[in-house]
Amino acid sequence: MNLPKDTLYTYKNSVTATTWTNEGEKTVNTKAINFRSLSHPMDKTQTGYEVYEVVIDSVDPDIAEFLGVPPTRLPWYKFEPAYPTGKLEDDPKGAPALIKAVDCGKVFSSSNKTESADGWLIIEKESINKIIGFEKRKIGKTKISLIRMETRKQVVIKGKYKGKGTESITYYFVNGTGELFEELRKFNYEYRTGFGTKRITQYTSGEYVKRLDKKEKYKRAVPSFPELTAKKEAVSYFTDQNGLFIPVTLNSVLELKMFVEPLLANSFIDYDYYLKNYESTPKDYMYPFDELSIGKNVIGKPSIAVKKVQSGGKTSYKIPGIIGSDILSKGTLYINDKKRMLSFYESYEDKPKNAITFETSKGYPIFEVMVNNSPVKATISFGSAEPIISEKLKGLLSLRTREIAVSKPDCESCFIKKAQVIISPPDRSYFKTEVVVVDLEGMPYDLILGLDYIKEKEITINYKGNWFTID
């Protein structure tokens, strides 16, 4: 697959399904639904794409669950692999692996699992797939080349329904990109539903057609200040083990708390929190918020995405979102740690004489400090109290480390490594401290200065002017 992040795909979908039962009162229901869906690739990873999919018309929820269709008018966060994981037919004993090339006529197996939006329905599918060949399709006056793939699936249904089924699907992918052009699916399911004496066996069969209607460039709005804002309009901030957070308001109606983290590239709010607390139909399904208020300072078109957050991350139901550098880079961030006050505002102030210049890399403020008399690229984070250095820097400075056992929910026994260093930042002579050693491979810095760096001080980070001060 090659799914560009600046493209929005619109699909037309149609489903015809018949459901019946042979137990007790016999009923037969036939439903035909038509709806449009939007797909927007958000991020590319090493193994595939993170995609938002949104259904923008009403659908029958029961049929939608079986077909893996997202809830109506709510963003559905899913993963599209760049390559299938499975086995080629001529290597049945081999371990499942990424299949990066398949000749026409070759058969390969794959598997996948989907869950309903509420998590109560799980559908597991084992597939046998075959690349049939190339076909030409005329779209308007243009002919396009498509790759045809046939798939047969054995389906196991778990959760609130228990049963099994089969699917036969024909996929058409655009040659050269792997973009889905059309999906033709026939399905048959047999499952138990209901509870106690009302538990019955039902059968559902039908056809699902999904066809690309159009694709267009999608450009998310850039955060900005609709009117001149003021440094004095500050809010109280709080800290916990995960960082610094503040009260905010989204679209003038949704009040919540969000972390402020200069080292996060993209701002987001937790998907489950969004579903439970935001009822309005958004104008932009991908980025649903028109306004972010921090105290009396308002940011228009904040690029806050709705994101499915893995458990064990920084966010929680109490603090369900993070404001990252995509928003912070549009203004000036001021923190007074003595008063525990924060302001984010639009600034045109001149660069002070005591200001420290920084460069920006990937949206992060980068400046130079001395660590054990060696120049090091550093940045600022509010996600930890202690400073953090890279494994690479530890090796270059030949630092001795000690291991400390810590308790984490994702491992039985975890250790962190710490080392003693002398840091000479540009705003003061030096200080001796203990740093945490982690893998920062690929990042444009080797030292992260945490909340201890600004303790009892005032810091102003002017992103537009590329300078900061600490007083």
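Now for a quick tour of the structure.

Conventions adopted
- Residues numbered from 1 in each chain as written.
- Predicted model: local features only at pLDDT ≥ 70, side-chain atom pairs only at ≥ 80, totals over all residues.
- Heavy atoms only, no water.
- Phe/Tyr/Trp six-rings, centres within 6.5 Å; stacked < 30°, edge-to-face > 60°.
- Helix = DSSP H or I, 4+ residues; strand = E, 2+ residues; numbered from the N terminus.
- Buried < 20%, exposed > 50% of the residue type's maximum accessible area, 1.4 Å probe, protein only.
- Lys NZ or Arg CZ within 6 Å of the ring centre and 35° of its normal.
- Pairing = 2+ DSSP bridges.
- Salt bridge = Lys/Arg side-chain N within 4 Å of Asp/Glu carboxyl O.
- Contact = heavy atoms within 4.5 Å.

## Side note on the packing of aromatic side chains
Describing an aromatic ring pair means giving the distance of the ring centres and the angle of the ring planes. On inspection of all chains with the given rule, the structure shows 18 aromatic pairs. Here Tyr161 and Tyr191 contribute two aromatic rings whose centre-to-centre distance is 5.3 Å and whose plane-to-plane angle is 40°, an arrangement assigned as tilted. With Tyr161 in the loop between β9 (142-159) and β10 (162-174) and Tyr191 in strand β11 (residues 180-193), the pair connects residues that are 30 residues apart, well separated along the chain. A relative accessible area of 12% means that Tyr161 is categorised as buried. Ring centres of Phe245 and Phe259 lie 5.8 Å apart, and the angle between their planes is 80°; this geometry places the pair in the edge-to-face category. Pair noted here: Phe245 is in strand β15 (residues 243-250) and Phe259 is in strand β16 (residues 254-260), with a separation of 14 residues, a long-range link. The burial state of Phe245 is the same as that of Phe259; both residues are buried. The side chain of Lys160 reaches across the aromatic face of Tyr161, ending 5.8 Å from its centre. Its end group placed over the ring of Tyr334, Lys231 keeps NZ or CZ at 4.3 Å from the ring centre.

## A word on the sheet that holds strand β22 (residues 332-336)
Strand order in the open sheet formed by six strands is β13-β23-β22-β33-β34-β24, with antiparallel pairing between adjacent strands. Every other strand in the sheet has two partners, leaving β13 (235-236) and β24 (356-357) as the edge strands with one partner each. Bridge count between β24 and strand β34 (residues 467-470): two bridges; the pairing is antiparallel. Bridge assignment links Thr357 to a residue of β34, and that residue is Trp467.

## What about the pattern of salt bridges?
Tallied over the full model, the rule gives 29 salt bridges. A salt bridge links Lys78 to Glu53, with the shortest nitrogen-to-oxygen separation between them at 2.5 Å. Of this pair, Lys78 sits in strand β4 (residues 76-81) while Glu53 is found in strand β3 (residues 48-55), placing the two residues 25 residues apart along the sequence. Here Glu53 falls in the buried class, since its relative accessible area comes to 6%.

## A short note on the side chain of Asp57
Residue placement: Asp57 occurs in the loop between β3 and α1 (61-67). Assessed through its relative accessible area of 18%, Asp57 is described here as buried. Those residues within four positions of Asp57 in sequence are excluded, and the remaining contacts are Asn34, Phe35, Arg36, Thr72 and Arg73.

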